[in-house]
Amino acid sequence: MSAFIIPRKTYHGLGSLENLKTVEGRKAVIVTGSGSMKKFGFLDKTVSLLREAGIDSAVFEGVEADPSVETVLRGVEFFNRENPDLIIGLGGCSAIDAAKAMWVFYEYPEATFEEIIKPFTIKPLRNKARFVAIPSTSGTGTEATCATIITDTCKGIKYPIVSYELTPDIAIVDGELAKSMPPNVTADTGMDALSHDVEAFVAALASPYTDALALDSVRLVFENLPRAYADGNNLEARQAMHDASNMGGMAFSNAILGIVHSIAHQIGGMFGVPHGRANAILMPNVIRFNSLDTDKYQLLAQALGKKTVEDFALEIERLRQSVGIEDSFKSYGIDPKVWEEKLDTMVQNAMDDPCTGTNPRQPTAEEMKIIFERCFNGEVVDL
Ligand SMILES: [Fe+2]
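Treat the numbers as computed from the prediction; the structure is a model and nothing was measured.

(A) Representation of the sheet that holds strand β8 (residues 170-173). An order of β1-β8-β5-β4-β2-β3 is seen for the six strands of this open sheet, with the pairing classed as parallel. Only two strands of the sheet have a single neighbouring strand rather than two, namely β1 (9-12) and β3 (56-60). Averaged over all adjacent pairs, the angle separating strand axes in this sheet is 20 degrees, with direction ignored. Note: strand β2 (residues 27-32) against β3, five bridges, orientation parallel.

Structure representation (structure tokens):
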């Protein structure tokens, strides 16, 4: 027996930001990043649409990439002063992720980070406020997911916080906001979306509900990521990638992920490789490794008009190359000596990563190490 949990309402399509006019509330706090939403006029537009709905707003700006505990606590103080009944995460995944964590501490002031990182233990939210997520990047799908990641910069720890209480009430998936992304971010986030589809599709908790979303999202990414990368003003491609990202978010929030993410979490944390870029380098080899224990990749190959699992892995390599992503961590520029020093720690942490448990094939530490090494050198995994 399983549940399938997604936002109660998803507004999508170019111009769907206008739906803010229909939202009910008294006071909104808008949580946003370091300026692109303001620069492109979307912050002002959000404030004015809320005004039309009769909702006052206050803005908490300046959420950084990889939002910190300090930023979350500053946000909670702001929430306590402003007393909102509507929280709006507007911008990249960092802004939305930070707003999700602020929401928890606003509702439960006595809670600690140590308590809320225990998976699926957050008490019911929505006693004080509801949550609206409006993404400007097309990758994490955080507007549809039960997850957020907050960084403790003092301890150097990333806190993954997972609870279906965190799934937003309303997602607004308007591709116009994605125009603000430069090409490298379009490429990295787009490949992150693809990795959510591919991992959710074969994950241990996949269901017909998540499969349908993941399968169609794969098709959308292959058709539209090269177009959005080549021309950031192609709004049709932007909207399609925004939809794909949201569909991937709905899929993986319910099916969970696999070892592409377990490994990328380590390489991202240790070497600062952008998350989606690491996923793009890892995906073909993880597919080759997993294909021994699942035949579902065949369906993804067929969706692209291909026959074999290897065809599918090669299609991802071609897509990766077409959006300017390297074929190995060595060519990305990681120093081989430092890589070697950190390798055993990264392998152990990847084995312990929560995403490993839902991977369709359980690797031994030795196999995990070989996957790391082959992806570092740009060699094919044949385990
Ligand atoms: Fe991801």
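Still more ground to cover, so stick around.
(B) Highlighting the coordination of the iron ion. Distances from the iron ion to its protein donors, namely Asp-192 (OD), His-196 (NE2), His-261 (NE2) and His-275 (NE2), fall within the range 2.2 Å. Along the chain, the residues that donate to the iron ion are spaced as D-x3-H-x64-H-x13-H. On the criterion of sequence distance, the pair formed by His-261 in helix α9 (residues 259-271) and His-275 in helix α10 (residues 275-290) is long-range, its members being 14 residues apart. Among the residues examined, His-261 registers a relative accessible area of 2% and is labelled buried. Judged by relative accessible area, His-275 falls into the partly exposed class, the value being 29%.

(C) Spatial organisation of the side chain of Asp-97. Checked against the element boundaries, Asp-97 lands in helix α4 (residues 93-107). Ignoring sequence-local partners within four residues, the contact set of Asp-97 consists of Thr-142, Ala-147, Thr-148, Ile-149 and Ile-150.

(D) Region of the structure containing the environment of Ile-370. Here Ile-370 is to be found in helix α15 (residues 365-377). Taking C-alpha positions, Ile-370 is 32 Å from Pro-183, a pair spaced 187 residues apart along the chain.

(E) Representation of the packing of aromatic side chains within the structure. One pass over the full model with this rule turns up twelve aromatic pairs. Ring centres 6.0 Å apart and planes at 25 degrees place the aromatic pair Phe-271 and Trp-339 in the stacked group. Pair noted here: Phe-271 is in helix α9 and Trp-339 is in helix α14 (residues 336-352), with a separation of 68 residues, a long-range link. Given a relative accessible area of 2%, Trp-339 falls into the buried group. A connected cluster of aromatic rings, assembled from ring pairs, spans Phe-271, Phe-329, Trp-339, Phe-372 and Phe-376. Looking at Lys-128, its charged tip hangs above the ring of Tyr-106, at a distance of 4.9 Å from the centre.

Cut-offs applied
Residues numbered from 1 in each chain as written. Predicted model: local features only at pLDDT ≥ 70, side-chain atom pairs only at ≥ 80, totals over all residues. Heavy atoms only, no water. Pairing = 2+ DSSP bridges. Helix = DSSP H or I, 4+ residues; strand = E, 2+ residues; numbered from the N terminus. Axes fitted to C-alpha atoms, helices over the stretch in contact; angles between N-to-C directions. Donors = N, O, S within 2.8 Å, 3.2 Å for Na, K, Ca; no water. Buried < 20%, exposed > 50% of the residue type's maximum accessible area, 1.4 Å probe, protein only. Contact = heavy atoms within 4.5 Å. Phe/Tyr/Trp six-rings, centres within 6.5 Å; stacked < 30°, edge-to-face > 60°. Lys NZ or Arg CZ within 6 Å of the ring centre and 35° of its normal.

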